[in-house]
Amino acid sequence: MKYIKICLIIIPILLTILLGKNIYDYFENKKISQEKLESINNYDNKLNSDLTKYNDLNAELETLKEVNKEKIMEYERWIKWNNEIVEKMA
Amino acid sequence: MDKMEQRNSRKNGLIFFITIPLIIILIILNIYFIKNVSDLKSTIKTNTNLKEKKEIEYNNNLVEIKKTEEEISKIKNIDNEIINAKNQYYQTLKTFEDKVANNEVDYKIAYLTFDDGPYNLTHQFLEVLQNYDVRATFFTIGYNKEPCFDDRSKSCADLYAKEASLGHTMANHTYSHLIFYGLYSSTESFMSQVKKQEQLIKEKTGLTTNIVRFPGGINTSKHLKNSIIEQLRNNGYGWVDWTASNGDGGYVPNKETAINNLKKTINEDIEVVLFHDYNYITLSALPEVIEYLRSENYVLLPLFYDSRMVNK
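This report concerns the structure included in the present document.

Scanning chain B for helices and strands turns up 9 helices and 8 strands. Taking 20 Å as the expected radius of gyration for a compact globule of 312 residues, we find that chain B reaches 41 Å, considerably beyond that expectation. Each principal axis of the C-alpha distribution contributes one length, and for chain B these read about 155 × 40 × 40 Å. Within chain B, the proportion of its 312 residues that are buried is 46%.

What follows is about a nonpolar patch on the surface. On the surface, A:Tyr3, A:Ile6, A:Ile9, A:Ile10, A:Ile13, A:Leu14 and A:Ile17 cluster together into a nonpolar patch covering about 740 Å² of accessible area. Its location among the elements puts A:Ile13 in helix α1 (residues 2-67).

Every contact between the two is made by 52 residues of chain A and, on the other side, 61 residues of chain B. Each partner contributes to the roughly 5300 Å² buried at the junction of chain A and chain B, and carbon and sulfur atoms together form 74% of this total. Viewed at the interface, chain B and chain A are joined by 7 salt bridges. One salt bridge in this structure joins B:Asp79 and A:Lys71, with 2.9 Å as the shortest N-O distance. On inspection of chain A and its partner chain B, the count reaches 11 residue pairs in polar contact (both at pLDDT 80 or more). Only α1 and α2 (69-89) of chain A provide two or more residues apiece to the side of chain A that touches chain B.

This next bit is on helix α2 (residues 78-101) of chain B. Residues and elements named next belong to chain B. Across its 24 residues, α2 extends 34 Å between first and last C-alpha, which sits within 8% of the 34 Å expected from 1.5 Å per residue. Looking at α2, one finds that the buried residues are Ile78, Glu81, Ile82, Ala85, Lys86, Tyr89, Thr92, Leu93, Phe96, Glu97 and Val100. Phi turns positive one or two residues past the end of α2, at asparagine 103, with a value near 55°.

Further remarks concern the state of the cysteines. Residues and elements named next belong to chain B. Evaluation of the coordinates by the stated rule reveals 1 disulfide over all chains. Between the sulfur atoms of cysteine 148 and its disulfide partner cysteine 156 the distance amounts to 2.0 Å. Disulfide cysteine 148-cysteine 156: the torsion about the S-S bond is 110°, which places it as right-handed. Judged by relative accessible area, cysteine 156 falls into the buried class, the value being 0%.

Residue and element names in this part refer to chain B. Orientation of helix α6 (residues 187-205) relative to helix α7 (residues 225-234), taken along the N-to-C sense of each, is 40°, at an axis distance of 9 Å. As far as their axial angle goes, α7 and α6 are oblique. Considering only the axes of α6 and α7, their crossing is right-handed. Taking contact as the criterion, the partners of Thr187, Phe190, Met191 and Val194 in α6 are, on α7, Ser227, Ile228, Gln231 and Leu232. Considered class by class, the residues forming the contact of α6 with α7 number 5 nonpolar, 3 polar and no charged.

Calculation notes
- Residues numbered from 1 in each chain as written.
- Chains lettered and ligands numbered in written order.
- Predicted model: local features only at pLDDT ≥ 70, side-chain atom pairs only at ≥ 80, totals over all residues.
- Heavy atoms only, no water.
- Helix = DSSP H or I, 4+ residues; strand = E, 2+ residues; numbered from the N terminus.
- Rg over C-alpha atoms; globule rule 2.2 N^0.38 Å.
- Buried < 20%, exposed > 50% of the residue type's maximum accessible area, 1.4 Å probe, protein only.
- Patch = residues over 30% accessible without salt bridge, like charges linked within 9 Å, V, L, I, M, F, W, Y side chains within 5 Å.
- Areas by Shrake-Rupley, 256 points an atom, 1.4 Å probe, with all protein chains shown as cover.
- Salt bridge = Lys/Arg side-chain N within 4 Å of Asp/Glu carboxyl O.
- Contact = heavy atoms within 4.5 Å.
- Buried area = accessible area lost by both parts, 1.4 Å probe.
- Polar contact = N/O pair within 3.5 Å; in protein donor to acceptor, adjacent residues only side chain to side chain.
- Expected span 1.5 Å × (residues − 1).
- Disulfide = S-S within 2.5 Å.
- Axes fitted to C-alpha atoms, helices over the stretch in contact; angles between N-to-C directions.
- Parallel < 35°, antiparallel > 145°, perpendicular 65-115°, else oblique.
- Left-handed = near helix turned anticlockwise from the far one by under 90°.
- Nonpolar A, V, L, I, M, F, W, Y, C, P; charged D, E, K, R; others polar.

This is the structure in structure tokens:
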């Protein structure tokens with residue numbers, strides 16, 4: 001009976017300590033989870049903003065490519081001819 | 001004694017009554033939080049993966065943006081990029097030419113050159129060269145080009161730009177080419193014709209040329225030779241004659257003769273081949289000439305100022 005009594009006192013104490021640890025873990029993990037979520041949201045926002053920038057840049061690039069089509073082709077031809085000679089020397 | 005036992009028994013009952021539910025509640029609470037922590041950990045793991053994915057996506061996006069920005073800047077600067085690419089090409093040609101001259105590669109070089117144009121026939125020369133992916137050198141003159149000398153219903157003025165746009169080297173053969181009408185009467189006369197042609201080429205193509213060929217060849221300039229060469233040098237020009245020809249400046253009866261004439265003159269590792277782009281026989285022989293030279297391991301290239309074949 002004496003041991004049972006001791007157990008009945010020790011078990012709630014241990015359970016309380018364990019509970020304390022679990023509560024601490026809970027809030028700690030919740031904080032981490034929140035941070036991760038914020039970080040994801042940040043990346044999402046950045047990605048959205050970059051996507052807009054990327055789309056704008058691509059549109060500008062396409063326009064420039066269209067306007068300078070002949071010149072780009074000329075540039076590519078010189079590069080191609082150069083590479084042909086470089087290959088012959090390899 | 002009984003009372004004492006009764007009191008102990010009541011006390012024990014009370015302890016059981018309080019601690020057992022407390023233990024149960026604590027166990028339930030522990031289970032609740034353990035489960036929640038476990039759920040949170042799993043969420044964190046998922047979110048960490050998601051974050052890493054987003055981070056990679058973000059970085060890839062940044063790389064793409066940088067690439068696009070670089071491409072935009074390159075296109076905005078396309079004129080300079082073309083000049084740089086051209087200069088790089090000519091530098092590569094110089095290295096290649098040196099290797100050929102030093103027998104470091106198994107190739108030879110033939111610089112195909114066309115004198116006296118452009119003519120209306122030049123369109124067809126350009127077509128053959130384009131079909132065979134060959135860049136050549138055009139020693140152009142300006143006299144009698146608008147309308148074309150060989151077809152008065154057409155203008156040959158646009159051909160300068162066409163030749164240049166196809167990657168051929170634009171070179172100077174003087175404006176008039178009038179050997180017997182004062183071209184070689186003095187150094188000044190010769191130089192004024194060079195400059196006049198230079199101006200015409202610049203106007204038609206936007207390019208500055210720096211290679212000259214003497215109409216009739218260097219020896220036609222006779223006693224003015226050294227003086228003209230000095231003036232050319234002072235004005236940044238190099239000059240070039242030829243080492244091989246099919247004889248199309250004179251009478252060539254047919255294609256076979258033209259090809260045989262040329263074959264007889266081809267014997268060096270680096271050849272400058274003279275043609276005239278007004279000559280129908282040369283035009284008809286050109287595909288076979290190109291195939292022959294390639295079969296002999298010649299690489300057909302346009303002339304450039306730093307070439308060892310261009311005298312300075």
